[in-house]
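# An overview of the molecular structure
Spelled out from the first residue to the last, the chains are:
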Amino acid sequence: MLKSRDQFSTRAWRGIDTSNLGFTMKVTFVLPLADMGGGCRVVATYAHRMIQRGHDVVVVHHPYTSLRGRVSSAIGRIFSKERWNPSRTHLDLLNVPQISLLDSQAVDDDTIPNADVVIATGYTTANEVLSLSPKKGVKAYFIQGYEAVLQGADQDIVNKTWTYPMRKIVVAPWLEQIARRDFGDSSAIIVANGVDTRHFTAPPRDKRSRPTVGFIFSHPDCKGSDVVIKALIELKQIIPHLRLVAFGNSWRRRLRNGLRLPRWAEYDVLPSQSRIRHIYAQCDVWVCASRSEGFGLPLLESMSCRTPVVSTPIGIAPELAKQGGLSLIPFDVPWELAKELRRILDLPVDDWSTLSEEAYRTSQKYDVEQSALQFEKALEQIVSGRTWQAPNTSDTYR
């Protein structure tokens, strides 16, 4: 049963910053589900920042995952030695007002509150938002990746949502290019994701006495964990004392193709945000071998912890490579990854420290406060029907 939006009023929040507000808005995000994933974290962060600036924001989402997913997460919590809480999501961590729909409820005029703008956040929610009446708000589409590449996604349905008459906000230039090139939409607004530089930070350091590599262990094929494992097994033969640290959201250490996370890997399941920061800061180099990412926020998080990165050219990685602290490798070539990792691990101490500082300086250009401000301004212009003009946010996105 829908609760009154007044019950979620954010005007009473303490610490509201009303400076530089164009006008206050009622904003509704529609999420496929609320979880501890990166997409939910970005939405939760923007909602939280907008609330602090005086806007009235609520996030509507479907029930959390399946019974199988709940059981898997519970087992993962046991393996990670953390207390399991099935309702723990990024929305909960930031205390973002939310409406969790029942299994029997749909996203429609009865369950969505009236607002100035209602935002779809995935292709499944785009269909739902499209069907809402105008009183639910101007319709926008927040796109964090090209979902047609995801396992189980219907490419035809995904592509159809890109043609809907909803103003798009995308997180990276390559997504804006898809909108313009493939769907004839030149109005998509780019708002790059930002890193919380106050949380993801670490003091300057030297290389570790024991070479340490880190990555996110993830089961979907598009994440490229198989490439990382093959490269690290090869590198271990050259550097026997190599240390591997990883984290992920599943207790299962075996991929669908049978490849396993090595027994010598130190693996955290669903670590806390503080623990993730610690993992980044332990590493001499962070790895991403994904075959597709919308943005790649962990790249910035690790760089903000002064850890150089090796990545495939996904999401924001090509832009970061131009600025320093990140080197690019081709897709699906484990030996090239191993070669680049060895190059960085073999750097003299002073050269590694220089690379570490380059990574840190690059990451500071993508501060989440500036990203949130750009997202807010984009919504203001969508609501008012004006042409997009990026706000002056110093030189953050130069």
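So, a few notes on the structure that sits alongside this text. (Residues numbered from 1 in each chain as written. Predicted model: local features only at pLDDT ≥ 70, side-chain atom pairs only at ≥ 80, totals over all residues. Heavy atoms only, no water.)

When you tally the buried positions in strand 9 (residues 243-248), you get 6 out of 6 residues, the bulk of the element. The side-chain alternation of strand 9 yields two buried faces, one formed by Arg243, Val245 and Phe247 and the other by Leu244, Ala246 and Gly248. Relative to strand 9, strand 8 (residues 212-216) is paired through 5 bridges, and the arrangement is parallel. Residue pairing for strand 9: Thr212 is matched across the bridge by Arg243. Following the backbone out of strand 8, through helix 7 (residues 225-238) and into the adjacent parallel strand 9, one traces a crossover that is right-handed. With 4 bridges joining them, strand 9 and strand 10 (residues 266-269) adopt parallel strand pairing. The partner of Val245 across the bridge, within strand 10, is Glu266. (Buried < 20%, exposed > 50% of the residue type's maximum accessible area, 1.4 Å probe, protein only. Helix = DSSP H or I, 4+ residues; strand = E, 2+ residues; numbered from the N terminus. Pairing = 2+ DSSP bridges. Right-handed = clockwise from strand over helix to strand, strands pointing away.)

With that settled, the discussion passes to the pairing of strand 8. Where a strand is regular, its side chains alternate between the two sheet faces. In terms of burial, strand 8 is largely enclosed, as 4 of its 5 residues are buried. Note: strand 8 against strand 11 (residues 285-288), 3 bridges, orientation parallel. Residue pairing across strands places Val213 opposite Val285, the latter belonging to strand 11.

This brings us to the sheet that holds strand 9. Read across the sheet, 6 strands follow the order 10-9-8-11-12-13 without closing on themselves; strand pairing throughout is parallel. Whereas interior strands pair on both sides, the edge strands pair on one side only; in this sheet they are strand 10 and strand 13 (326-328). Going from strand to strand, the sheet's axes swing by 20° on average, the running direction of each strand aside. Along the sheet, helix 7 contacts strand 8, strand 9 and strand 11; its crossing angle with strand 8, the most-contacted strand, is approximately 165°. (Axes fitted to C-alpha atoms, helices over the stretch in contact; angles between N-to-C directions. Contact = heavy atoms within 4.5 Å.)

Hydrogen bonding along the main chain pairs the strands of a sheet, whether they run parallel or antiparallel. Read from one edge to the other, the open sheet built from 7 strands follows the order 3-2-1-4-5-6-7, with strand pairing classed as parallel. Of all the strands in the sheet, the pair left with one neighbour each is strand 3 (98-100) and strand 7 (189-190). Two strands pair when backbone bridges link them, and strand 2 (residues 56-62) and strand 3 are joined in this way by 3 bridges, in the parallel orientation. Its bridge partner being in strand 3, Val60 is matched across the sheet by Ile99. Each of strand 1 (26-33), strand 2, strand 4 (117-120) and strand 5 (138-143) is contacted by helix 4 (residues 123-130), which is oriented at about 135° to strand 1, the strand it contacts most.

With 84 residues, the main nonpolar core has Val27, Phe29, Ile119, Phe142, Leu299, Phe375 and Leu379 as its most contacted residues. Considering each element in turn, this core owes the most residues, 8 residues, to helix 1 (residues 38-52). Here Leu299 is in contact with Cys288, Val309, Ser311, Ile314, Ile316, Ala317, Leu320 and Leu326, once residues within four sequence places are set aside. Among the nonpolar cores identified, the runner-up in size contains 32 residues, and Leu235, Leu270, Leu341 and Leu347 belong to it. (Core = buried A, V, L, I, M, F, W, Y, C linked by side-chain atoms within 4.5 Å.)

In this structure the tally under the stated criterion is 17 salt bridges. Several salt bridges share partner residues, and in doing so they unite Asp226, Arg291 and Asp332 into one network. (Salt bridge = Lys/Arg side-chain N within 4 Å of Asp/Glu carboxyl O.)

Here we come to the packing of aromatic side chains. Counted by the stated rule, this structure contains 12 aromatic pairs. Ring centres of Tyr46 and Phe375 lie 4.5 Å apart, and the angle between their planes is 25°; on these two criteria the pair is classed as stacked. Here the residue Tyr46 occupies a position in helix 1, and Phe375 occupies one in helix 13 (residues 368-384), the gap between them amounting to 329 residues. You can call Tyr46 buried: its relative accessible area is 2%. Relative to Tyr267, the ring of Phe217 lies with its centre 5.6 Å away and its plane at 90°, an arrangement referred to as edge-to-face. Here Phe217, found in the loop between strand 8 and helix 7, pairs with Tyr267, found in strand 10; they are 50 residues apart in sequence, far enough to count as distant. (Phe/Tyr/Trp six-rings, centres within 6.5 Å; stacked < 30°, edge-to-face > 60°.)

On to unusual backbone geometry, then. Of note, the phi angle at Asn95 is positive, near 55°, even though the residue is not glycine. With respect to the secondary-structure elements, Asn95 resides in the loop between helix 3 (90-93) and strand 3. Residue Asp332 is not a glycine yet carries a positive backbone phi of 60°. Within the secondary structure, Asp332 is located in the loop between strand 13 and helix 11 (334-345). Overall, Asp332 belongs to the partly exposed group, its relative accessible area being 43%.

Among the residues of helix 6 (residues 173-183), Leu175, Glu176, Ile178 and Ala179 are the ones counted as buried. The arc that holds every buried residue of helix 6, seen down its axis, measures 155°, which confines them to one face. Buried residues along helix 6 sit against strand 5, strand 6 (167-170) and strand 7. Downstream of helix 6 by a residue or two, Gly184 has a phi angle that is positive, lying close to 65°. (Arc of directions from axis to C-beta.)

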